[in-house]
Amino acid sequence: MAGVQDQLEIKFRLTDGSDIGPKSFPVATTVATLKESILAQWPKEKEHGPRTVKDVKLISAGKILENSRTLGECRSPLCEIPGGVTTMHVVVQAPFSEKDKKAADQTKKNQCLCVIL
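Residues numbered from 1 in each chain as written. Predicted model: local features only at pLDDT ≥ 70, side-chain atom pairs only at ≥ 80, totals over all residues. Heavy atoms only, no water.

Engineer: How should unusual backbone geometry be read in this particular structure?
Structural biologist: Glycine aside, negative phi is the norm for most residues, and most peptide bonds take the trans geometry. Across the junction of Gly21 and Pro22, the peptide omega takes the value 15°, indicating a cis bond. Tracing the backbone shows Pro22 in strand 2 (residues 19-26). Its identity is not glycine, yet Ala61 carries a phi of approximately 55°, on the positive side. The residue Ala61 is located in the loop between strand 3 (56-60) and strand 4 (63-64) in this model. (Helix = DSSP H or I, 4+ residues; strand = E, 2+ residues; numbered from the N terminus.)

Engineer: Please explain the side chain of Thr29 as it appears in this structure.
Structural biologist: Here Thr29 shows up in the loop between strand 2 and helix 2 (31-41). For Thr29, the side chain forms a polar contact with the main-chain oxygen of Pro26, separated by 2.8 Å. Apart from the residues within four sequence positions on either side, Thr29 is in contact with Leu34, Arg69, Thr70 and Leu71. (Polar contact = N/O pair within 3.5 Å; in protein donor to acceptor, adjacent residues only side chain to side chain. Contact = heavy atoms within 4.5 Å.)

Engineer: What should I look at first to understand the nonpolar core in this one?
Structural biologist: Phe12, Leu58, Met88 and Val90 are the most contacted members of the largest nonpolar core, which has 18 residues in total. Going through the elements one at a time, strand 1 (7-13), strand 2, helix 2, strand 3, helix 3 (71-74) and strand 5 (85-92) are the ones with two or more residues in this core. The contact partners of Leu58, leaving out residues within four places of it in the chain, are Phe12, Val31, Leu34, Lys35, Ile38, Lys63, Ile64, Leu65, Met88, His89 and Val90. (Core = buried A, V, L, I, M, F, W, Y, C linked by side-chain atoms within 4.5 Å. Buried < 20%, exposed > 50% of the residue type's maximum accessible area, 1.4 Å probe, protein only.)

Engineer: I keep staring at helix 2 and nothing clicks. Help me out?
Structural biologist: An α-helical turn contains 3.6 residues, so a residue and the one three or four places further along point in the same direction. The complete set of buried residues in helix 2 reads Val31, Leu34, Lys35, Ser37 and Ile38. Angular distribution of buried residues about the axis of helix 2 spans 155°; they occupy a single face of the element. (Arc of directions from axis to C-beta.)

Engineer: How should I be thinking about the sheet that holds strand 4 in this particular structure?
Structural biologist: Strand pairs in the sheet, formed through backbone hydrogen bonds, run parallel or antiparallel to each other. Ordered in space as 2-1-5-3-4, the five strands form an open sheet in which the pairing is mixed. Of all the strands in the sheet, just strand 2 and strand 4 have a single pairing partner and so form its edges. For strand 3 and strand 4, the ladder comprises two bridges, and the chain directions are antiparallel. From the neighbouring strand, Ser60 faces strand 4, where its bridge partner is Lys63. Taken strand by strand, helix 2 contacts strand 1, strand 2, strand 3 and strand 5, and its axis lies near 115° from that of strand 3. (Pairing = 2+ DSSP bridges. Axes fitted to C-alpha atoms, helices over the stretch in contact; angles between N-to-C directions.)

Function-wise, these values are silent; they only describe arrangement.
Put into structure tokens, the structure is as follows:
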């Protein structure tokens, strides 16, 4: 029984409604490892797929999960249902182009700051 509780069944919901998984992961698995698994299993026919782990955001129970945390630390009470499958939402963040970076830097330079004492 303890072995079953040390594993979580997770499926990853993509933005178009399709799924990757479900697959079992140990509770000691880090979020970064989950993202690597998503990259490896990403459907090749989908456009605009993630290129690196940094391009992927995982959301569970309304919270964006940090790469350094483990599944055990991120687990919500809803995951305690025996035989239940946890759904995590996958968001792909498009990498910034050089033009976008320059525009963001220019916006920062043009800001004015007032301090009232």
